[in-house]
Amino acid sequence: MEILVGLPRSLSGREGTAAVTARRFATDLAARVAPLPVRLVDERFTTSTAHDALRAAGHDSRARRQTVDAAAAAVLLEAALESERRTGDAVGELVTPRQRGSGGSAGVAQ
């Protein structure tokens, strides 16, 4: 069992402030749930894929707005599980939990 956290990146792969926030969240989460592993997984295209799937299922744009985040999370999980089944390797970056009470930046092992 493991926890996956979406890592928002631009189409070019660059990481902005949302990625910094996600890394900090994942590091804090890893400290709380250790020894359960937490992994950061690239979430590019999950929202557009979710919108497409919801549109194909007949949801209008208002209904899609209300459910797109949950659908994007499902897309991320399905892609991660498929990748693990296909390759036998865990996806994403393993997050190193920060010691509780310590400051500093979020640590992530590659």
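Everything numeric in this text was worked out from a predicted model, so none of it was measured. The numbering scheme is per chain: residues are counted from 1 as the chain's sequence reads. Totals for whole chains, interfaces and linings use every residue, but because this is a predicted model, local features are given only for residues with pLDDT of at least 70 and side-chain atom pairs only at 80 or more, for both listing and counting. Heavy atoms throughout the structure, all of them, feed into the side-chain values; hydrogens and water do not.

Quick look at the environment of leucine 11
Argument step 1. Numbering goes from the N terminus for both helices and strands, where a helix is a DSSP run of H or I of at least four residues and a strand is a run of E of at least two. For leucine 11, the location among the structural elements is in the loop between strand E1 (3–7) and helix H1 (17–33).
Argument step 2. Sequence separation between leucine 11 and arginine 44 is 33 residues, and the spatial gap between their C-alpha atoms is 6.9 Å.
Argument step 3. Contacts were defined at the residue level, with two residues in contact if any of their heavy atoms lie within 4.5 Å. Setting aside chain neighbours within four positions, we find leucine 11 in contact with Arg44 and Phe45.

A word on the nonpolar core
Argument step 1. For this analysis, a nonpolar core means a set of buried residues of the types Ala, Val, Leu, Ile, Met, Phe, Trp, Tyr and Cys, connected via side-chain atoms within 4.5 Å. To sort residues, take the accessible area from a 1.4 Å probe on protein chains only and compare it with the maximum for the residue type: under 20% means buried, over 50% means exposed, and anything in between is partly exposed. Listed in full, the ten residues of the largest apolar core are Val5, Leu7, Ala19, Ala22, Ala26, Leu29, Ala30, Val38, Leu40 and Val95.
Argument step 2. At five residues, the largest contribution of residues to this core is made by H1.
Argument step 3. One finds Ala50, Leu54, Ala71 and Ala72 within the second-largest nonpolar core, a separate group that totals five residues.

A closer look at H1
Argument step 1. One less than the number of residues in a helix, times 1.5 Å, gives the span that helix is expected to have. For H1, spanning 17 residues, the distance from its first C-alpha to its last is 24 Å, which sits close to the expected 24 Å at 1.5 Å a residue.
Argument step 2. Listed in full, the buried residues belonging to H1 are Ala19, Ala22, Arg23, Ala26, Thr27, Leu29 and Ala30. For H1, the buried positions fall inside an angular range of 165° around the axis, keeping them on one side. Opposite its buried face, H1 presents the exposed residues Thr17 and Arg32, each directed more than 90 degrees away.
Argument step 3. Residues of H1 that are buried in the fold lie against E1, strand E2 (38–42) and strand E3 (93–94). To obtain the arc, one takes the directions from the helix axis to the C-beta atoms.

Observations concerning the sheet that holds E1
Argument step 1. Pairing in this open sheet of three strands is mixed, and the strands run E1-E2-E3 from one edge to the other. Edge positions in the sheet fall to E1 and E3, since each of these pairs with one other strand and no more.
Argument step 2. When E2 meets E3, the two strands line up antiparallel, connected through two bridges. Residue pairing in the sheet places arginine 39 in a bridge with leucine 94 of E3.
Argument step 3. Axis geometry follows a simple rule: fit a line to the C-alpha atoms, using only the stretch in contact for helices, then measure angles between N-to-C directions, giving values from 0 to 180 degrees. The strands touched by H1 are E1, E2 and E3; relative to E1, the strand with the most contacts, the crossing angle is about 165°. For two strands to be treated as a pair, DSSP must find no fewer than two bridges joining them.

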